[in-house]
Amino acid sequence: MSEDRKLTAYCGLYCQDCIPINRSFFKVVKEFERSLSDLNFDKYAEVKSKVNEVFNEYPRFVGMLEEIKELECQAPCREGGGNPDCKVRKCVKFKGYEGCWECGEFRSCNLLLPLKAAHGETINHNLEMIKKHGPDSWSDKRGKHYNWS
């Protein structure tokens, strides 16, 4: 299996572009969390909150770090990574397709709508590129992964 094919998600996104598979980011998050713990930063925040009330929010900050860690994806979509309950993946497999690009309804598919909130027209663009060039040689033609990048 080519690298392009391996990293092409069923929905047409390219796994390496996705934040949840960014190993270096999650390594830093875990190191940061460990440093906070080693420093007993919760105690520091408690003391500091007496002069700066923003430190009262430290427990919420720790909760956010936990949620960020939960985003980490261990493998590309095709190798079982991503959301195990992904409706797009289930649909593609049910239809016997390799990806949404093989479906004539991908441009109007309601299952892709939630992805478009973060990825916009990149979904349709990528699916068109995969359809045209094939899953083994399309990645250099992909759109920007996130709307904000």
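Worth saying up front: this structure is predicted, and the values here are computed from it rather than measured. (Residues numbered from 1 in each chain as written. Predicted model: local features only at pLDDT ≥ 70, side-chain atom pairs only at ≥ 80, totals over all residues. Heavy atoms only, no water.)

> Before we move on, can you summarise the overall build of the chain with the specific residues and values?
In terms of regular secondary structure, the chain is built from seven helices and zero strands. Reading the chain from its N terminus to its C terminus gives the helix and strand order α-α-α-α-α-α-α. Taking 2.2 N^0.38 as the reference for a compact globule, 149 residues should give roughly 15 Å; the C-alpha atoms of the chain span a radius of gyration of 20 Å, well beyond that estimate. Considering only C-alpha atoms, the chain reaches an extent of 60 × 30 × 30 Å along its principal axes. Burial status across the chain gives 34% buried among its 149 residues. Considering only intrachain contacts with a sequence separation of at least 6, the fraction spanning at least 24 residues in the chain is 61%. Of the accessible surface of the chain, which amounts to about 9500 Å², a share of 55% is contributed by carbon and sulfur atoms. Between the mean site of the 24 positive side-chain charges and the mean site of the 23 negative ones, the chain shows a separation of 3 Å. (Helix = DSSP H or I, 4+ residues; strand = E, 2+ residues; numbered from the N terminus. Rg over C-alpha atoms; globule rule 2.2 N^0.38 Å. Buried < 20%, exposed > 50% of the residue type's maximum accessible area, 1.4 Å probe, protein only. Contact = heavy atoms within 4.5 Å. Areas by Shrake-Rupley, 256 points an atom, 1.4 Å probe, with all protein chains shown as cover. Lys, Arg positive; Asp, Glu negative; His and termini not counted. Charge placed at Lys NZ, Arg CZ, Asp CG, Glu CD.)

> Describe in detail a nonpolar patch on the surface, supporting the description with residues and values.
Together, Ile-19, Phe-25 and Trp-148 make up an exposed nonpolar region whose accessible area comes to about 320 Å². Relative to the elements of secondary structure, Ile-19 occurs in the loop between helix 1 (3-7) and helix 2 (23-38). (Patch = residues over 30% accessible without salt bridge, like charges linked within 9 Å, V, L, I, M, F, W, Y side chains within 5 Å. Salt bridge = Lys/Arg side-chain N within 4 Å of Asp/Glu carboxyl O.)

Purely spatial values, then, with no claim about function.
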